[in-house]
Amino acid sequence: MERFSSNKFRVNSVEEFISILQVNPVDDDEFRLFRGHKDASWQLVSRLYREVKDADVEQSFYEIEQRLFKRFKKKLDILKKDTSSDTEVLAYAQHYGLPTRLLDWSANPLVALWFAFSENEMGNFDRVVQTIRIQKWDLKKVEDENIFNIRVARFINPRNHFLDDRIKNQEGWFSNHNLNIIPIGKERSGDGMPHLGR
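Residues numbered from 1 in each chain as written. Predicted model: local features only at pLDDT ≥ 70, side-chain atom pairs only at ≥ 80, totals over all residues. Heavy atoms only, no water.

Turning our attention to a nonpolar patch on the surface. Judged by side-chain polarity, Val14, Ile18 and Leu110 come together as a nonpolar surface patch covering roughly 210 Å² of accessible area. Along the chain, the position of Val14 falls in helix α1 (residues 14-23). What makes Val14 partly exposed here is its relative accessible area of 40%. (Patch = residues over 30% accessible without salt bridge, like charges linked within 9 Å, V, L, I, M, F, W, Y side chains within 5 Å. Areas by Shrake-Rupley, 256 points an atom, 1.4 Å probe, with all protein chains shown as cover. Salt bridge = Lys/Arg side-chain N within 4 Å of Asp/Glu carboxyl O. Helix = DSSP H or I, 4+ residues; strand = E, 2+ residues; numbered from the N terminus. Buried < 20%, exposed > 50% of the residue type's maximum accessible area, 1.4 Å probe, protein only.)

Quick look at the structure:
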């Protein structure tokens, strides 16, 4: 094992990975979430944001997001899926490959490690497991907020496991990132809320 800083390590085995977790425990009032990347240079950016940026249509992010979401929600209605909130519908959509503003996380570090190494054909470069500490007191119920109006990053744990067993088995969580996109010619800030000045 090689240590680059207080929170950055290079490991060469699953055993070393587990040992790092054991010597860096979390406090009783917090827990960790993990995300595996197949390339250590990848940023924590949602698939939807990457796709609209690559297509050079960032100013249409919210319109594209709403269009995709409404289509997906109609499909769920057709399938007679019981949806408790838009937040959980978005988590379900993310889990099944729809580009969304969400990032997938797991409460299980080995799940994140599996995602980092699940494709051997990706080349010979560093993979990474990102981790974040979450304060338990900072968690809110999914139903407390409208996912499309949240002004800060939130970590979401879907409770309605109509979603399916995969999210449950992967100990899945999702993060909603506060995107800093200001549409050209629009009177709103990048998070979909009214622009309040600088």
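Before going further, it helps to examine helix α2 (residues 47-54). For α2, every residue scored as buried is listed here: Leu48, Tyr49 and Val52. All buried residues of α2 lie within an arc of 100° about the axis, which places them on one face of the element. Positive phi shows up at Asp56, right after α2, with a value of about 60°. (Arc of directions from axis to C-beta.)

This part is about the nonpolar core. Of all hydrophobic cores here, the largest spans 15 residues; its most connected members are Phe72, Leu90, Leu102, Ile147 and Phe174. Elements supplying a minimum of two residues to this core: α3 (61-78) and α4 (86-95). Among the elements that make up this core, the one with the highest residue count is α4 (5 residues). What Ile147 contacts, discounting residues up to four positions off in sequence, is Asp86, Thr87, Leu90, Arg101, Leu102, Ile156 and Asn176. (Core = buried A, V, L, I, M, F, W, Y, C linked by side-chain atoms within 4.5 Å. Contact = heavy atoms within 4.5 Å.)

Any link to function would need more than the numbers given here.
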